[in-house]
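# A look at the structure
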Amino acid sequence: MQDELSPAEREALAPYFTSLDGPVFALVNLPEVVKGALFARYSRSPKSLRRLFLDEFLGEGGLAGARERAAALARDAEGTERAERLYERVFFEYGDDSVAQLGGVHLACEGASNILTKVLEWGRLMAYLEQSTRYIPYDDRPGGRWRYHVPVELEGGLRDRYVETLDRAFDTYRASLATLRDFFARRYPRAETDSETVWRTTIRAKALDTLRGLLPAATTSNVGIYATGQAYEQLLLRMRASPLGEARAYGDLMLTELRKVIPAFLRRVDLPERGAAWSAYLAETREATAEVARRVLDDLTPEPRPEVTLTDFDPDGEVKVVAAALYAASTLPDDQLSAIARQLSAEERKAVLAAYVGRRGNRRHRPGRAFERTSYRFDVLTDYGAFRDLQRHRLLTLEWQRLSPAHGYAIPDAVQDADVGADWRRVMDDSAELHDAVAGAGLVEVAPYAVAMAYRVRCYLEMNAREAMHVIELRTAPQGHPSYRRVCQEMHRLIAERAGHRAIADAMTFADHSEVELERLAAERAAERRRK
Ligand SMILES: Cc1cc2nc3c(=O)[nH]c(=O)nc-3n(C[C@H](O)[C@H](O)[C@H](O)COP(=O)(O)OP(=O)(O)OC[C@H]3O[C@@H](n4cnc5c(N)ncnc54)[C@H](O)[C@@H]3O)c2cc1C
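Reference entry: report on the structure contained in this document. Every value quoted in this text rests on a predicted model; they were computed, and no experiment measured them. (Residues numbered from 1 in each chain as written. Predicted model: local features only at pLDDT ≥ 70, side-chain atom pairs only at ≥ 80, totals over all residues. Heavy atoms only, no water.)

Let us look at the sheet that holds strand S3 (residues 220–228). The three strands lie next to each other as S1-S3-S2, forming an open sheet whose pairing is antiparallel. On the outer flanks of this sheet lie strand S1 (104–113) and strand S2 (126–130), each paired with one strand and no other. Between one strand axis and the next, the sheet turns by 20° as a mean value, whatever way the strands run. The sheet contact formed by S2 and S3 spans five bridges and is antiparallel. Looking across to S3, one finds that Ala 127 is bridged to Tyr 226. (Pairing = 2+ DSSP bridges. Helix = DSSP H or I, 4+ residues; strand = E, 2+ residues; numbered from the N terminus. Axes fitted to C-alpha atoms, helices over the stretch in contact; angles between N-to-C directions.)

As structure tokens, this is what we get:
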């Protein structure tokens, strides 16, 4: 399809369409709502997008002044207001929620506690990037304050105690950072072949990795989000239902800022009968479930479990993956293929999987959706630092329990070896006592802010074999943090040995079980080679 465009039309379109001739083009310099509304018209119009823009979005007046009117549409306030009216027409005419998937926003959320980052990063259909506790030392005090959040719920003496305790934890973190750097510098002297930069960066990362357990969950971070209007709507509805003042306050700030860019997509969020009712539903079901859980679980205590337990898998999983691998290459129905896969010899099944997986050149060469035919459910009890990293995976189901000191804490060997074990234990004890004091004051939901990230939290991860391949291979890479490396190495072992899915485990060729002393060294060397 080619548009017949007059010179005047081309002039009006040029700033907003990356190509005026080809069948593929991007929309630029337009408000998100205009772009969304334009795409929404595809479903009910035989016209091309460029023609729709000219005919329907530039308003009355024909071509005379089209360029000026297009510029007005694209200009911030005027354009957004006008786009909103266009969107309302399209949205209400078709009543289609998915229209709000057609516009996106980059949003920065700075100074968010680690507790809040997990709320922000809950949604699957968003993209996130976060300041790393592995690469950023939290040893400075911008504005004279350590980088942690003080919950608005805390008042009076309890607030003072919270601030004093967290200040002490950060003091210890800073002092220990210097000690651990020296310790690692002595333990791992620079190789002659490494530059000073590579070595220093590696040693610093090792010290940061080792010490992040001292930081409380209240430690603040910066999160960049890219998402559609619909994904933001879901996030804001959840945040408005949160028991945490910080989440509700950030929800309000986010709504204000997002409405400057995509107001039409977020109209429902605070309407009493729409978004408010939706948030109330979320809050009510959460509270009712907590209540019923209290009743049915009464005073039960957790049975001891290892760090990673495979709690559910399908013993027939591998056979089903073989059947699924054959599906797209055959004309047979699904259940017939399952029966056939069961009758194949072990050798034949192996041959099918070998062909399907092929020769993987790197971890990004991932086999197809047949690997989504079987799933694994893991219960994991690991330190909060590892949990917060694993929680970033979106194509799985992950839920976690409230952070508390109940499951004890991890203490890295290097902390003992560098003689900071006593400081570490003091921070842990202070953190546990503060948690109990806050919870004892009736602020159970707020108490996790006080808990150091070395404390263990329980979560489950349920994922299909394709996502397991991604998570396990990414998170066992030598440059990964030792805590989540250990968890994912164990997941890999359990898939092979406990589920008996050896072929699936073997297909994860890039799962790395090697012992690594300096996690960042190879990556830093490679980065330097690339820079050169
Ligand atoms: C050594 C190391 C260092 C890291 N450092 C940082 C850091 O400093 N800061 C930081 O924020 N994160 C960091 N991460 C986390 C990492 O960048 C990912 O955010 C995280 O692993 C989860 O996302 P994912 O896409 O890998 O996997 P999943 O969310 O599990 O997704 C699996 C796959 O699905 C697809 N997918 C999922 N969601 C989308 C989407 N929205 N759009 C398109 N495709 C999608 C992609 O193909 C993706 O690979 C680090 C990870 C490692 C291993």
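Turning to empty space enclosed by the protein, a few remarks are in order. Empty pockets left among the atoms are what a rolling probe the size of a water molecule brings to light. Enumeration according to the criterion identifies two cavities of 30 Å³ or more in this entry. Of the volumes computed, that of the second largest cavity is approximately 70 Å³. In terms of lining residues, the second largest cavity is bounded by Thr 165, Leu 166, Ala 169, Leu 214, Pro 216, Val 427, Asp 430, Ser 431, Ala 450 and Ala 452. Mapped by element, the contributors of at least two residues to the lining of the second largest cavity are helix H7 (156–187) and helix H17 (421–440). The class makeup of the residues in the lining of the second largest cavity is seven nonpolar, two polar and one charged. (1 Å grid on protein atoms, 1.4 Å probe; cavity = no way out; pocket = protein on both sides within 12 Å on 5 of 7 lines; lining within 4 Å. Points joined across faces, edges and corners; volume = space filled by probe spheres on them. Nonpolar A, V, L, I, M, F, W, Y, C, P; charged D, E, K, R; others polar.)

Let's shift gears to the pattern of salt bridges. Once the charged atoms of two side chains with opposite charge are near each other, the side chains can pair. In the structure shown here, the tally under the stated rule is 41 salt bridges. The partner of Glu 497 in a salt bridge is Arg 493, and the shortest N-O contact between them spans 2.7 Å. Taken together, the residues Glu 497 and Arg 493, both in helix H19 (residues 482–497) and four residues apart, mark about one turn of the helix. Residue classification places Glu 497 among the partly exposed positions, given a relative accessible area of 46%. Overall, Arg 493 belongs to the partly exposed group, its relative accessible area being 35%. Among the charged side chains, a salt-bridge network with shared partners connects Glu 130, Arg 212, Arg 388, Asp 389 and Arg 392. (Salt bridge = Lys/Arg side-chain N within 4 Å of Asp/Glu carboxyl O. Buried < 20%, exposed > 50% of the residue type's maximum accessible area, 1.4 Å probe, protein only.)

All right, on to the environment of Leu 494 then. Tracing the chain through its elements places Leu 494 in helix H19. Of the residues examined, Leu 494 reaches a relative accessible area of 9% and is grouped as buried. Separated by 482 residues in the primary sequence, Leu 494 and Ala 12 place their C-alpha atoms 61 Å from one another.

Moving on, we come to the layout of surface pockets. The computed volume of the largest pocket comes to approximately 2,300 Å³. Among the elements of the structure, helix H6 (114–120), helix H9 (229–240), helix H11 (272–297), strand S6 (397–400), H17 and strand S7 (456–464) are those that each provide at least two residues to the lining of the largest pocket. Considering only residue class, the lining of the largest pocket consists of 24 nonpolar, eight polar and 12 charged.

Let us now look at the nonpolar core. Grouped together as the largest cluster of nonpolar side chains are 125 residues, with contacts concentrated most on Leu 120, Tyr 162, Ile 225, Tyr 232, Met 254, Phe 378 and Met 491. Sequence-distant contacts of Tyr 232, defined by excluding residues within four places in its chain, comprise Val 105, His 106, Leu 107, Met 126, Ile 225, Tyr 226, Ala 227, Leu 258, Ile 262 and Leu 266. Grouped together as the second largest cluster of nonpolar side chains are 18 residues, Leu 5, Ala 12, Leu 30 and Leu 54 included. (Core = buried A, V, L, I, M, F, W, Y, C linked by side-chain atoms within 4.5 Å. Contact = heavy atoms within 4.5 Å.)

One open sheet accounts for four strands, arranged S4-S5-S7-S6; its pairing is antiparallel. The sheet terminates laterally at strand S4 (308–313) and S6, the two strands that pair on one side only. Adjacent strand axes in the sheet meet at a mean angle of 20° when their direction is disregarded. Note: S6 against S7, four bridges, orientation antiparallel. Its bridge partner being in S7, Glu 399 is matched across the sheet by Tyr 460. Of the strands in this sheet, strand S5 (375–383) and S7 touch helix H18 (residues 465–475), which is tilted by about 130° from S7. Seen against the sheet, H19 touches S4, S5 and S7 and runs at an angle of roughly 150° to S5.

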